[in-house]
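The chain contents come next:
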Amino acid sequence: DGGNNIGLNMIIKAKAGLASISTLNSSAKNVLYQNIPNPFSNTTEISYNLAEDSHVKLCVYNVIGQVVATLVDGNENSGQHHITFGTENLPNGTYNYQLSTTTGIETKQMVIMR
């Protein structure tokens, strides 16, 4: 056709519809959120959501894997939970905090900077 598209008309046929994107229902699984603020100097808040009643263990670990604090160790109801973590005698550095439940384990990092 010589590449000339002047006066070229096209008809495109398609069915109208809505695209569907799956969304994650946070109430369907346990979620450990990033602590706020991060980095922090004296205290920070750690939040998590439990999909169902469960035994919960929430611990803070140093970089060599030693437990430096156990924040929760017991049965908790489903729903949102918030823990304030104070750094009393901990040095500056990177720490991991881990939520362990009967259905799994989640880990996040936090930084203490004074």
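Refer to the structure printed above.
Values in this document were obtained by computation on a predicted structure and should not be read as measured data.

Each helix and strand in the protein was counted, giving zero helices and seven strands. Ordered by position from the N terminus, the helices and strands of the protein form the series β-β-β-β-β-β-β. Evaluated residue by residue, the protein yields a buried proportion of 30% over its 114 residues. For the protein, the proportion of contacts with a sequence separation of at least 24, taken over those separated by at least 6, is 55%.

Ordered by their spatial adjacency, four strands build an open sheet running β4-β3-β6-β7, and the pairing between neighbours is antiparallel. Of all strands in the sheet, those bounded by a partner on one side alone are β4 (67–76) and β7 (104–112). Averaged over neighbouring strand pairs, the angle between their axes works out to 15 degrees when direction is ignored.

Turning to the sheet that holds strand β2 (residues 43–50), a few remarks are in order. With antiparallel pairing, three strands are arranged side by side in an open sheet as β1-β2-β5. Either end of the sheet is taken by a strand with one partner, and the two such strands are β1 (31–32) and β5 (79–86). Pairing of β2 with β5 involves eight bridges; the strand directions are antiparallel. Paired with N49 across the strands is Q80, a residue of β5.

Attention shifts here to the environment of G86. For G86, the location among the structural elements is in strand β5. In this structure, the C-alpha to C-alpha distance between G86 and F40, residues 46 residues apart in sequence, is 9.9 Å.

Summarising the element assignment, H81 is placed in strand β5. On the accessibility criterion, H81 (17% relative accessible area) is buried. Side-chain polar atoms of H81 contact the side chain of E76, separated by 3.3 Å. A distance of 2.7 Å separates a polar atom in the side chain of H81 from the backbone oxygen of N77. In this view, H81 contacts I46, S47, Y48, L50 and E76; residues no more than four positions away in its chain are not counted.

Cut-offs and rules
- Residues numbered from 1 in each chain as written.
- Predicted model: local features only at pLDDT ≥ 70, side-chain atom pairs only at ≥ 80, totals over all residues.
- Heavy atoms only, no water.
- Helix = DSSP H or I, 4+ residues; strand = E, 2+ residues; numbered from the N terminus.
- Buried < 20%, exposed > 50% of the residue type's maximum accessible area, 1.4 Å probe, protein only.
- Contact = heavy atoms within 4.5 Å.
- Pairing = 2+ DSSP bridges.
- Axes fitted to C-alpha atoms, helices over the stretch in contact; angles between N-to-C directions.
- Polar contact = N/O pair within 3.5 Å; in protein donor to acceptor, adjacent residues only side chain to side chain.

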